Every structure is written in C-alpha cells, then in structure tokens.
Amino acid sequence: MDGNDMGAGKCPVMHGGNTETGRTVMDWWPKALNLDILHQHDSKTNPMGDFDYREAVKGLDYEGLKADMKALLKDSQDWWPADWGHYGGLMIRLAWHSAGSYRLADGRGGGGAGNIRFAPLNSWPDNGNLDKARRLLWPLKKKYGNKVSWADLIILAGTMAYEDMGLKTFGFSFGRTDIWHPEIDTYWGAEKEWLAPSDTRYEDVAKPSTMENPLAAVQMGLIYVNPEGVNGQPDPLKTGAQVRETFARMAMNDEETAALTCGGHTVGKAHGNGDAGALGAEPEAGEIENQGFGWLNPNMGGKASNAVTSGIEGAWTTNPTKWDMGYFDLLFGYDWELTKSPAGANQWRPIDIKEEHMPVDPSDPTKRVMPMMTDADMAMKVDPAYNAICQKFMADPAYFDDCFARAWFKLTHRDMGPRVRYIGPDAPAEDLIWQDPIPAGATGYDVAAVKADIAKSGLSGAEMVATAWDSARTYRQSDMRGGANGARIRLAPQKDWDGNEPARLAKVLAALEPIAAKHGASVADVIVLAGNLGVEQAAKSAGFDLEVPFTPGRGDATEAMTDADSFSVLEPLADGFRNWQKADYVVTAEEMLLDRAQLMGLTGPEMTVLLGGMRVLGTNHGGTKHGVFTDRVGTLSTDFFVNLTDMAYKWVPAGKGVYEIQDRKSGAVKWTATRADLVFGSNSILRAYAEVYAQDDNAGKFVCDFVAAWTKVMNADRFDLA
Ligand code: HEM
C-alpha cells in the first residue's frame, strides 16, 4: 500500500503536508517556549540571499526617486482615484501607520522593516485601504528595484507628500532593510477578536496608564486610540487622556503628540461616505482572485468621494492638500457638535460654518462639503494641556512647523537606531537626544598595556565579566538602543539599577576609570576589555589559551546626551543569563531569558552556550548560590551541561522559582538553580543543545562557541564599524 491508496472514509485528497497556518505541530502545547522567535528572517526565506541592502541603497538615484515620487503623488489612477487629485494624505497615513506601531517598552514594531506588507499588520482594521497605497507605489518599487526597500519607500512617500504640500521637512534617511516574512516575536495583545473592547487590555480603562505593557494601542487592530472615543463613546477629555498615554508609549511628549495630531490632520481626509458593512474581507482573508486587495467596496464607482475606510467622513481643513494653519483655523474658529457620518460613525461637525471655510468635494471641485473632527481632534481643544500647546502653535506658525517637522522625523526614524546608521543626502547632521548620541572614541591607544593594567587592578574575573555583561546586555535589536558603547552604565539611571549591583559596579568603575584616563581609552572600551580578560582567564584555567577579539573605538556618552527617562525602559527586570530577577514579574524566568536573547539577537545555540558559561563563571547576582553549577567557579568548563544531564542528581522544587539539585543517593543539596537553568534540561530543543555541550568531545567547541557568542554581545551595537 502506498500513500495513494485511500481507504474508505479517508480524505480523497493527498494532504500530507501541514500547509495551513491554523494548526502547527506545537499547538498541542501552547505553553511551550517559542524558540522560533530566535530564528526569524532566515536566509532561506529571503529571495535576495546575502544581498546587502544598506550598501546597495548608497547607489540609489535619490533625486530621481524623489522627483518621481512627487509626480506619482499627483497622478490619479482610475482604479483608486486620488482625493482632489493628490495621494498625499493617503501616503502620509501609510507612513504614519507603518511607523506608529513602534512602542518604546520593548522597541518592537515600527516602520523599519517593511512589516506592513505582511499579516497581521496588512489586515489590521486600522490599516484599511493602505493596501491601495502600497499598490500605488509599486511602479516606483519596480523601477528602482533592489536599490530601494519597501520600508524606505513607504516612509519616503509620506515625507515627500508633506514636502510636496508645502512643509519644510527635517530630513530623511534611507537604510531600512526589508524582512521577508512577518515578525513572530512581537506581542500585539491577547484578544482573539478585532477591536475587542479596550477593557481587555486595561486593569481599569478609566486609567490609561493601566494598559498592559508593552502594548501601546487601546484596542486590538488599532494603531493608537479609537477615533470615535474610548470604546467608541465620544468624550474628548477621556480620549485625550488615552492619546497622551498611547503616544507616550511611542516616546512622544505632549508637544510632540499635539504637533503630530494637528499636523497629521492638516492634510487629507477620513473616508466614510457609504455603507461600511458593504466592504469585503481584509486582504489576508480575501478571495484568491482579489490578488491581495482587501476591503473591496462595491459602491466605489471610480469616485474618490465614495470611499469607505474608517467610517468617519470628511476633511479637517479647508485646503486639505496644502500644509497650512487650516486645522487650527477650523478647530478653534468654530464650536463643534456631535454627529454621525454616512457610515454611522461618531464624529464632530462645525456649527454655522461659513461656506468659504468648507473644503470642496474630493471628486467634484464645484461642490463644497462639511469638514469634521474626530474625538481625538476635539481632545486637542478640550484637554487643557493640549489646548495650551495649540495656542502656542497658533501664535507662532513657524514654531509649529518646526515642532511638527522634528516630531515627524522622530516618528519615522526612531527605530533606526543611532545617527551613524543614516544613509543619503538628506540625513540631518544634528545630534538629537532620542538618538542616544555617542561621541567617537579613541582607537590609537595601546590595548595590551590597558589589559596589563586591568590585570593588576585586583578585580576578580567574575566582577569583570559581570560588569561587561551588564554594560552590553541592554542592547536590543528591535530599535538598536542600549549596549556597551557609550558606557552609559556609569550614568543615571543605569548606575543605580538593582540588576547592576550598584555597590559592586561602583567598585569596578573606580578601578577601571583611572586606567581608561591613563591610556586615553574610553571607559566603554575598558569595561569590555576587562570582561574579555575575565573570559580569557577563565578559559586559561580550563586549559585553553586564547585571546578574545577586540576592536577599540567605543565612546563615552555624557549625562547631557542621555535621556534618562527613555533609558528606564531598558532596565532588565530579570536576566536569566545572570540569574537575576525582580520578584514580582508575571512571566516566568525562562520566558524572560528567551525575550532577552531575542532582543540581543542571539540564536538558540548562542543563548545556550552563553547561559552555560555564565553559570560557571560565578557572575550570578550578588553572590547568591543560585545557578552555580560547578565546584570550580571561574573555570570556563562545560560543568553546567555535564551536571544538568547527570543522572546522579535530581531536581526538587524549593520555593518560588528556586530548585535544589540533590544528590540522588545521599539527598544532599549540591547546588540551587532557577527555572531559567532548568529549562535547558526540560525543553526538548534546549536539552538537545545542552547535550551537545555535555559531550566529552565538545569541551573545546564549547569554549570557542562561548567566546564567539560573547564577542557578538560585546559588539552588537558597534554600528560605527558596519
Ligand atoms: C490621535 C491619534 C490619531 C487618530 C485617532 C487618527 C485617526 C484618523 C482617522 C480615523 C483617519 C481617517 C482614515 C480614513 O478613513 O481614511 C485618519 C486619517 C489620517 N490621519 Fe490620523 N489619526 C491620528 C493621528 C495621526 C497622526 C499622528 C498622523 C500623522 C502625523 C495622522 C495622519 C493622518 C492623515 C494624513 C490622514 C488622511 C488619510 C487620507 O487622506 O487618506 N493621523 N486619522
């Protein structure tokens, strides 16, 4: 019998492969660790192979693309006609929704990778009709090809739209590399239903700060707030409070938030002139013949004014294709009353508006139509703090222009990391505090002499390794912040974080800072060099004479260059690698370990080898016994893996998150461990990795792999070398 012999009652179709996403082999155990988040964006899913986009874009005809973009914005297509013959509003919304998924808490989301091309973002209710915007851009993507990524093209489209409509922008950087499948590490919320009521993600929806972290949108499928009000109930004051919290979670203060909202709605319009219920499915659920288009509107009839997107209908200003002060003129020039759009959405209407203040119909310049405000726009007038900021903008339009231009630049560039990563002729040269600036460091000093002085400093190997690790571990690839470069570990707030053991840190810095000064090296370099020395000494006591690779040139940041508030989100609440944890976190130690490894850009084997190494180097927090798996602390041995897989021991729970490693025969407690340690024996994949390093023939491989992973962590933020 072969696979084609179908017995009675069996499915007549060959169906051997798991070809749908609805059920994966791991669905049986939804609580199992999702190690796949460490192995995304594999070269096998990338049609471009090892193509280096950030190099290729340097050969782009920048001015040609910008001119073509401005022409495209005004070239209305019959299949999706432009409002007033200008796609500016639509493209700005595309760029804003691309960038606006960024959240400060974990640095994930944002427009830096072109993820809006894929589900779920391509099908979020809030991203309605942005599929059209991307398809409109296709001719330019096709023409400029490999030299421009989708991610860059999308942000450029919004920025050129503003420029074309009259704003002097703050600049633009290329350099966003596309991904080729959706990120699987980003947590967008636990809801199973689009636009489920806000209450599911708040402890108390009346208190915006109680929204679940790291989320930054009030409902599943929205970019920020519900435009109709909290849970769809209009009340501008309450909506204003949610606007404040959601934008703060995107790293925006009140002034930036007001500038963005008012400047965002200075151009374009909302679409709700028809029956929202008539729209087809979102792109990911669409019929195959729709070719990736969603929200198909049977009543469009080739007319821009019939479009339905949010369900809200109308423009905010009299001249919606011009960068001007029109938003303030109408919002503050009239009183507003609640009304419903043709699609039934809650929105606000001006009372007794003068005919000449009404915008014209997007499809018919001879007809004037009502403008509108959303509940979030009304918040700009009703909320006292936003109102005061708007008064300042109205009194000084040049100030408003500058605030908006800077906030738009921050919105669209924040997740690109430091300024050294910017590419192209329009990248601004000014250092901005949110870029976490770091001055260039010295390279010409005598590295061997520095190391010799560190060796004489009296610091222990564990002290040196732990300090270098603490300095580097804040790095997150999600928005390329943190890391050892800048030596911000010696500044507030980092120097005072519990996890950095302030007393031990102060002692180590007091020993290393004079050495840095003596040799003209940065403290950042000397911290890493000390860690490398600690690793070399530990390898030597295991019988391996090696030198950890080192490249000088890190700089030292100052307090003035450090936005202390925005650094507080980088504080590790747990670090499974150092077996350190604050008692009251909700996810388990192994989940924290996995999350940190993903943010640091480590693979599963790298995470394994680093953890196993840290456990024998004696770097566990505060000298507690947890997680010391060896009788020869400070030797870079495979003891963690050997002991973990040794049947002479058994593992016994001994209180919250702590386990005793007992000798099976005598019952004596040999060591203690936490969940972050035990998962390397319990998870089937991690155990397979652990077994590799426990094998007799892999002690040398372990040391090599540890040094390679360590070097990767120490250099993760060296964008100056890229
Ligand atoms: C307070 C948060 C915000 C809310 C609740 C909000 C809500 C909305 C809604 C409901 C629409 C109508 C979509 C449609 O039906 O086509 C819209 C459109 C638009 N939004 Fe916002 N928005 C917010 C912030 C922003 C920001 C920060 C920007 C950019 C800086 C922006 C730029 C735009 C633009 C340009 C359009 C017009 C789109 C077009 O002409 O097709 N919005 N917004």
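Residues numbered from 1 in each chain as written. Predicted model: local features only at pLDDT ≥ 70, side-chain atom pairs only at ≥ 80, totals over all residues. Heavy atoms only, no water.

(A) Representation of the site of the ligand in the model. Taken together, 22 residues lie around the ligand, and W96, H265, K269, H271 and S310 are the ones closest in. One nitrogen or oxygen atom from the side chain of H271 is found 2.6 Å from an oxygen atom belonging to the ligand. Residue assignment for the shell around the ligand shows that the elements contributing at least two residues are α3 (88–99), α7 (254–264) and β1 (269–270). Element by element, the count of residues in the shell around the ligand is highest for α3, at 5 residues. Residues of the shell around the ligand, tallied by class, amount to 12 nonpolar, 8 polar and 2 charged. (Near = heavy atom within 4 Å. Polar contact = N/O pair within 3.5 Å; in protein donor to acceptor, adjacent residues only side chain to side chain. Helix = DSSP H or I, 4+ residues; strand = E, 2+ residues; numbered from the N terminus. Nonpolar A, V, L, I, M, F, W, Y, C, P; charged D, E, K, R; others polar.)

(B) Inspection of the nonpolar core at higher detail. Membership of the largest hydrophobic core comes to 98 residues, with the highest contact counts inside it found for L65, M91, L137, F174, M373, M380 and F404. Broken down by element, this core gets its largest block of residues, 10 residues, from helix α5 (residues 150–165). Ranked by size, the runner-up nonpolar core spans 75 residues in total, among them F550, F629, F680 and A690. (Core = buried A, V, L, I, M, F, W, Y, C linked by side-chain atoms within 4.5 Å. Buried < 20%, exposed > 50% of the residue type's maximum accessible area, 1.4 Å probe, protein only.)

(C) Layout of the packing of aromatic side chains. Applying the stated criterion across every chain, the model contains 36 aromatic pairs. Ring centres 4.9 Å apart and planes at 35° place the aromatic pair W323 and F404 in the tilted group. Of the two residues, W323 sits in the loop between β2 (314–315) and α8 (326–333) while F404 sits in helix α11 (residues 397–413), which places them 81 residues apart along the sequence. The burial state of W323 is the same as that of F404; both residues are buried. Aromatic side chains F404 and W408 sit 6.2 Å apart centroid to centroid with 20° between the ring planes, which places their arrangement in the stacked category. Here the residue F404 and the residue W408 both occupy positions in helix α11, the gap between them amounting to 4 residues, near one helical turn. Accessibility assignment for this pair places F404 and W408 in one class, buried. Here the guanidinium or amino end of R103 rests over the ring plane of W188, the centre of that ring lying 5.2 Å away. (Phe/Tyr/Trp six-rings, centres within 6.5 Å; stacked < 30°, edge-to-face > 60°. Lys NZ or Arg CZ within 6 Å of the ring centre and 35° of its normal.)

(D) Region of interest: the UniProt feature "domain: Plant heme peroxidase family profile" (unreviewed entry) in the chain. As annotated in UniProt, the feature "domain: Plant heme peroxidase family profile" (unreviewed entry) corresponds to residues 130–430 in the numbering used here. In residues 130–430, the share of helix is 33% and the share of strand is 7%. The end C-alpha atoms are 32 Å apart. (UniProt positions renumbered as here; feature names shortened; annotations may be inferred.)

(E) View of the sheet that holds strand β9 (residues 649–653). Across the sheet, which stays open at both edges, the 3 strands sit in the order β9-β10-β11 with antiparallel pairing between neighbours. A strand with exactly one partner marks an edge of an open sheet, and here the two such strands are β9 and β11 (669–674). When the angles between neighbouring strand axes are averaged without regard to direction, this sheet yields 30°. Pairing analysis gives 5 bridges linking strand β10 (residues 658–663) to β11, with the strands arranged antiparallel. Its bridge partner lying in β11, Y659 is registered against A673. Set on the sheet, helix α20 (residues 675–682) makes contact with β9, β10 and β11; between it and β11 the angle comes to about 95°. (Pairing = 2+ DSSP bridges. Axes fitted to C-alpha atoms, helices over the stretch in contact; angles between N-to-C directions. Contact = heavy atoms within 4.5 Å.)

(F) The confidence of the model for the chain, seen in detail. On average, residues of the chain score 94 in pLDDT, and 96% of them are at 70 or above. Note that residues 1–6 has pLDDT below 50 and, in this model, 5 contacts with residues that lie over four places away or in other chains. Across the assembled chains, the prediction reports ipTM 0.99 with pTM 0.96. (pLDDT = per-residue confidence, 0-100.)

(G) The arrangement of the coordination of the iron atom of the ligand in detail. Protein coordination of the iron atom of the ligand rests on one atom only, H265 (NE2), at 2.1 Å. Among the structural elements, H265 can be located in the loop between α7 and β1. (Donors = N, O, S within 2.8 Å, 3.2 Å for Na, K, Ca; no water.)

(H) Spatial organisation of unusual backbone geometry. Going from A119 to P120, the amide bond is cis rather than trans, its omega being 5°. Mapped onto the elements, P120 comes out in the loop between α3 and α4 (130–144). The omega torsion of the bond from N213 to P214 falls at 5°, within 30 degrees of zero and hence cis. Its place among the elements puts P214 in the loop between α5 and α6 (236–248). A positive phi angle, near 75°, is found at A251, a position not held by glycine. Tracing the backbone shows A251 in the loop between α6 and α7.

(I) Representation of the pairing of β10. The pairing of β9 with β10 spans 5 bridges and is antiparallel. What sits directly across from Y649, in β10, is D663. A loop of 4 residues connects β9 with β10, the two strands running antiparallel in sequence, and G655 in this loop sits at a positive phi of about 100°. The antiparallel pairing of β10 with β11 creates a hairpin that spans 5 residues between the two strands, and G667 there sits at a positive phi of about 80°.

(J) Structural detail: the environment of R578. Among the structural elements, R578 can be located in the loop between β7 (574–575) and β8 (580–581). On a C-alpha basis, the gap between R578 and W124 in space is 39 Å, while along the polypeptide they are 454 residues apart. From its side chain, R578 meets the backbone oxygen of T619 in a polar contact 2.6 Å long.

(K) Summary view of α6. Compared with the 18 Å implied by 1.5 Å per residue over 13 residues, the 18 Å span of α6 between its first and last C-alpha is a close match. The inward-facing, buried residues of α6 contact α3, α7, β4 (346–350), α9 (375–382) and α10 (384–395). (Expected span 1.5 Å × (residues − 1).)

(L) Just the pattern of salt bridges, in detail. Within this structure, the stated rule accounts for 50 salt bridges. Between E191 and R201 there is a salt bridge, and its shortest N-O distance comes to 2.9 Å. Linking E191 in the loop between α5 and α6 with R201 in the loop between α5 and α6, this pair joins segments that are 10 residues apart in sequence. Neither E191 nor R201 differs from the other in exposure class; each is buried. Here the residues in one salt-bridge network are D470, R473, E501, R504, D575 and R578, joined through shared partners. (Salt bridge = Lys/Arg side-chain N within 4 Å of Asp/Glu carboxyl O.)

(M) How the structure looks around the environment of H265. On the basis of relative accessibility, which here comes to 22%, the residue H265 falls in the partly exposed class. Apart from residues lying up to four places away in sequence, H265 is in contact with W316, T317, Y327 and D377.

(N) Spotlight on the UniProt feature "active site" (unreviewed entry) in the chain. UniProt records the feature "active site" (unreviewed entry) for H97 in the present numbering. Inspection of the secondary structure puts H97 in helix α3. Residues contacting H97, with those up to four places away along its chain left out, are I116, D126, N127, L130 and I223.

(O) Quick peek at the domain arrangement of the chain. Domain annotation for the chain reports domain 1 (200–283 + 307–396), domain 2 (447–570) and domain 3 (574–699). Placing the centre of domain 2 and that of domain 3 at their C-alpha centroids yields a distance of 24 Å. Taken residue by residue, the interface counts 21 residues in domain 2 and 21 residues in domain 3. Both faces combined, the contact of domain 2 with domain 3 buries some 1,700 Å², and carbon together with sulfur accounts for 61% of it. Scanning the region where domain 2 abuts domain 3 turns up 3 salt bridges. Across the pair D575 and R473 runs a salt bridge, and its minimum N-O distance is 2.8 Å. On inspection of domain 2 and its partner domain 3, the count reaches 11 residue pairs in polar contact (both at pLDDT 80 or more). Per element, the largest residue contribution to the side of domain 2 that touches domain 3 is 5 residues, and it comes from helix α13 (residues 461–472). (Domains from an automatic or database assignment. Buried area = accessible area lost by both parts, 1.4 Å probe.)

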